[in-house]
Amino acid sequence: MWRVDIGGLVARPQSLTLAYLKTRPRHEVNFTLECSGNTGTGLDFVIGAIGNARWGGARLAPLLEAAGVLEQGTEVVFWGADSGTRTIRDNSGIVSGGQTGAVQPDADGGLDLTITEQFARSMSLADALNHNNLLCYEMNGDALPRANGFPVRLIAPGWYGVANVKWLTRIEVMDHRYAGNFMARDYVSIREEQRDGQTVWTFATVSHERLKSAPAKVTRRGSRYGIMGAAWGAPIAAVEVRIDNGPWSATSLDDSPPRGKGSRGFAWSFWTFDWGTPTPGEHTITSRAFDTDGNIQPAPDDPFLASRRTFWESNGQITRRVLIS
Ligand SMILES: Nc1nc2c(c(=O)[nH]1)N[C@H]1C(S)=C(S)[C@@H](COP(=O)(O)O)O[C@H]1N2
Ligand SMILES: [Mo]
């Protein structure tokens with residue numbers, strides 16, 4: 001039978017069943033989960049690597065508190081049931097194999113270690129204790145589908161998809177950052193910065209979502225056209241669009257309560273724009289979102305974005321091409 005274990009630096013290790021989790025107070029959060037690898041340049045980005053759902057489950061924080069996190073505990077690791085095989089090259093200091101690891105000498109005399117690693121992600125204890133986090137067993141009112149993490153996944157609203165560990169089996173409190181594949185090798189944003197004429201490379205684990213928007217579709221009623229789209233990643237204050245190389249114009253935001261409040265939770269906001277009667281031919285549509293702290297979704301040539309050498313967390317403005325006939 002499935003259980004999720006809470007262990008590591010805790011006073012009272014737990015082994016929780018799904019039935020037990022369902023006896024806990026049930027909470028729901030509306031959260032738009034986006035893959036950090038969603039570059040948003042393709043035509044199917046809205047339905048592809050991003051989706052909104054009502055996620056239901058038990059709050060994580062009281063369960064961690066019940067386990068009694070010890071003083072030294074600073075980091076919480078979430079383990080999924082799935083695993084993958086990978087080879088770690090000799091330059092990683094490999095000296096010998098493990099019970100399941102196989103070591104092979106490589107061409108230049110070093111050792112390669114091939115291992116089967118479970119999917120795992122960690123966050124700080126403070127982040128893990130955020131009251132929005134759920135041990136989630138429901139999606140849109142139904143049992144969590146297998147593909148989305150059945151029986152239980154972590155839902156960490158405001159974090160990129162990768163942090164929302166599916167098929168959860170173990171939660172472990174540690175006293176150091178976890179440096180597994182999905183924290184330290186894959187899902188790492190690499191940037192090349194120039195500082196005083198010197199190149200400095202920086203590395204950051206994909207974590208919180210970033211402010212983003214996209215034009216989703218063009219609608220037509222008679223001879224009049226409209227544009228609709230979405231914005232997410234932060235509490236949205238406004239969205240503007242630009243047609244071709246024209247000025248930025250205001251759009252109308254849907255009037256549901258702001259993000260983080262009431263039923264809106266961490267869901268995306270929808271916006272619409274009355275385009276009027278555009279001239280026939282090809283046009284470009286670009287959108288940019290503003291959050292309630294005054295941040296603006298960056299342009300593609302923003303220095304921070306331009307310094308990236310990886311496609312993770314690509315939240316630059318998206319331009320779509322449309323043909324009006
Ligand atoms: N156990 C496990 N959890 C996982 C993953 C995975 O491969 N294994 N992928 C992550 C990534 S990269 C994303 S984008 C989301 C996707 O969640 P979804 O399938 O519900 O859309 O799950 C995250 N949780
Ligand atoms: Mo992802």
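Going by the structure above, here's the rest.
Rules used in this analysis
- Residues numbered from 1 in each chain as written.
- Chains lettered and ligands numbered in written order.
- Predicted model: local features only at pLDDT ≥ 70, side-chain atom pairs only at ≥ 80, totals over all residues.
- Heavy atoms only, no water.
- Helix = DSSP H or I, 4+ residues; strand = E, 2+ residues; numbered from the N terminus.
- Buried < 20%, exposed > 50% of the residue type's maximum accessible area, 1.4 Å probe, protein only.
- Areas by Shrake-Rupley, 256 points an atom, 1.4 Å probe, with all protein chains shown as cover.
- Pairing = 2+ DSSP bridges.
- Contact = heavy atoms within 4.5 Å.
- Axes fitted to C-alpha atoms, helices over the stretch in contact; angles between N-to-C directions.
- Arc of directions from axis to C-beta.
- Near = heavy atom within 4 Å.
- Polar contact = N/O pair within 3.5 Å; in protein donor to acceptor, adjacent residues only side chain to side chain.
- 1 Å grid on protein atoms, 1.4 Å probe; cavity = no way out; pocket = protein on both sides within 12 Å on 5 of 7 lines; lining within 4 Å.
- Sits in = over half its atoms within 2 Å of the grid points.
- Nonpolar A, V, L, I, M, F, W, Y, C, P; charged D, E, K, R; others polar.
- Phe/Tyr/Trp six-rings, centres within 6.5 Å; stacked < 30°, edge-to-face > 60°.
- Points joined across faces, edges and corners; volume = space filled by probe spheres on them.

K.L.:
Which residues make up the overall build of the chain, and what are the values?
P.N.:
What the chain contains, in helices and strands, is five helices and 21 strands. Taken over 325 residues, the chain has a buried fraction of 47%. A total of about 16,100 Å² of accessible surface is found on the chain, and carbon and sulfur atoms cover 51% of it.

K.L.:
Which residues make up the sheet that holds strand 14 (residues 212-221), and what values go with them?
P.N.:
Whenever strands of a sheet pair, they do so through backbone hydrogen bonds, lying parallel or antiparallel. Across the sheet, which stays open at both edges, the four strands sit in the order 14-15-19-18 with antiparallel pairing between neighbours. The open sheet is flanked by strand 14 and strand 18 (252-253), the only strands paired with a single partner.

K.L.:
So what's going on with unusual backbone geometry? Residues and values would help.
P.N.:
The residue after Phe150, namely Pro151, is reached through a cis peptide bond having omega 0 degrees. Among the secondary structure elements, Pro151 is positioned in the loop between strand 9 (142-143) and strand 10 (153-155). Of note, the phi angle at Tyr187 is positive, near 55 degrees, even though the residue is not glycine. Looking at where Tyr187 falls in the secondary structure, it is placed in the loop between helix 4 (181-185) and strand 12 (188-195). Residue Tyr187 is classed as buried on the basis of its relative accessible area, which comes to 17%. In this structure, Glu313 takes a positive phi of about 55 degrees despite not being glycine.

K.L.:
Can you lay out the side chain of Ser36 for me, pointing to particular residues and giving the numbers?
P.N.:
On the secondary structure map, Ser36 appears in the loop between strand 3 (26-34) and strand 4 (50-59). We classify Ser36 as buried; its relative accessible area is 1%. In this view, Ser36 contacts Tyr160, Tyr187, Val206, Phe311, Trp312, Glu313 and Ser314; residues no more than four positions away in its chain are not counted.

K.L.:
Before we move on, can you summarise the environment of Gly56 with the specific residues and values?
P.N.:
Structurally, the position occupied by Gly56 is in strand 4. Taking the C-alpha atoms as reference points, Gly56 and Glu138, separated by 82 residues in sequence, lie 4.7 Å from one another. Those residues in contact with Gly56 that sit more than four places away from it in its chain are His27, Glu28, Leu134, Cys136, Tyr137 and Glu138.

K.L.:
So what's going on with the sheet that holds strand 21 (residues 318-324)? Residues and values would help.
P.N.:
Spatial strand order, 17-16-20-21: four strands in an open sheet with antiparallel pairing. What marks the edges here is a single partner per strand, and that holds for strand 17 (248-250) and strand 21. On average, each strand axis in the sheet is tilted by 35 degrees relative to the strand beside it, whichever way the strands run. Both strand 16 (residues 236-243) and strand 17 contribute to a ladder of three bridges, which runs antiparallel. Its bridge partner lying in strand 17, Glu240 is registered against Ala250.

K.L.:
Could you give an account of helix 2 (residues 60-67), naming the residues involved and the relevant values?
P.N.:
Along helix 2, the positions that sit buried rather than exposed are Leu60, Ala61, Leu63, Leu64 and Ala67. Angular distribution of buried residues about the axis of helix 2 spans 165 degrees; they occupy a single face of the element. Gly68 sits one or two positions beyond helix 2 and adopts a positive phi of about 70 degrees.

K.L.:
Please provide a residue-by-residue account of the site of ligand 1, values included.
P.N.:
Inspection of the region around ligand 1 gives 15 residues, with Asp82, Asn148, Arg153, Asn164 and Lys166 positioned closest. With respect to ligand 1, the side chain of Asn148 contributes an N or O atom lying 2.8 Å from an oxygen atom. Lys166 places a polar side-chain atom, nitrogen or oxygen, 2.5 Å from an oxygen atom of ligand 1. If ligand 1 stood free it would expose 540 Å²; the protein chains cover 78% of that surface. Judged by its atoms lying within 2 Å of the grid points, ligand 1 is housed in the largest pocket. Residue classes in the shell around ligand 1 are distributed as eight nonpolar, four polar and three charged.

K.L.:
Requested: an account of the packing of aromatic side chains, with residues and values cited.
P.N.:
Within the structure shown, the criterion is met by eight aromatic pairs. Ring centres 5.4 Å apart and planes at 65 degrees place the aromatic pair Trp79 and Tyr178 in the edge-to-face group. Here Tyr178 lies in the loop between strand 11 (168-174) and helix 4 and Trp79 lies in strand 5 (residues 75-88), a separation of 99 residues in the sequence. With centroids separated by 6.2 Å and ring planes inclined at 45 degrees, the aromatic side chains of Phe182 and Tyr187 adopt a geometry described as tilted. Through pairs of rings, three or more aromatic residues link up here, namely Phe119, Phe182, Tyr187, Phe311 and Trp312.

K.L.:
So, the layout of surface pockets: which residues are in play, and what are the values?
P.N.:
In this model, the largest pocket occupies a volume close to 390 Å³. Around the largest pocket, the lining comprises 20 residues; the ones closest to its centre are Leu33, Arg153, Gly161, Asn164 and Lys166. Here the element with the most residues in the lining of the largest pocket is strand 4; it accounts for five residues. Looking at the lining of the largest pocket residue by residue, the class counts come to 12 nonpolar, five polar and three charged.

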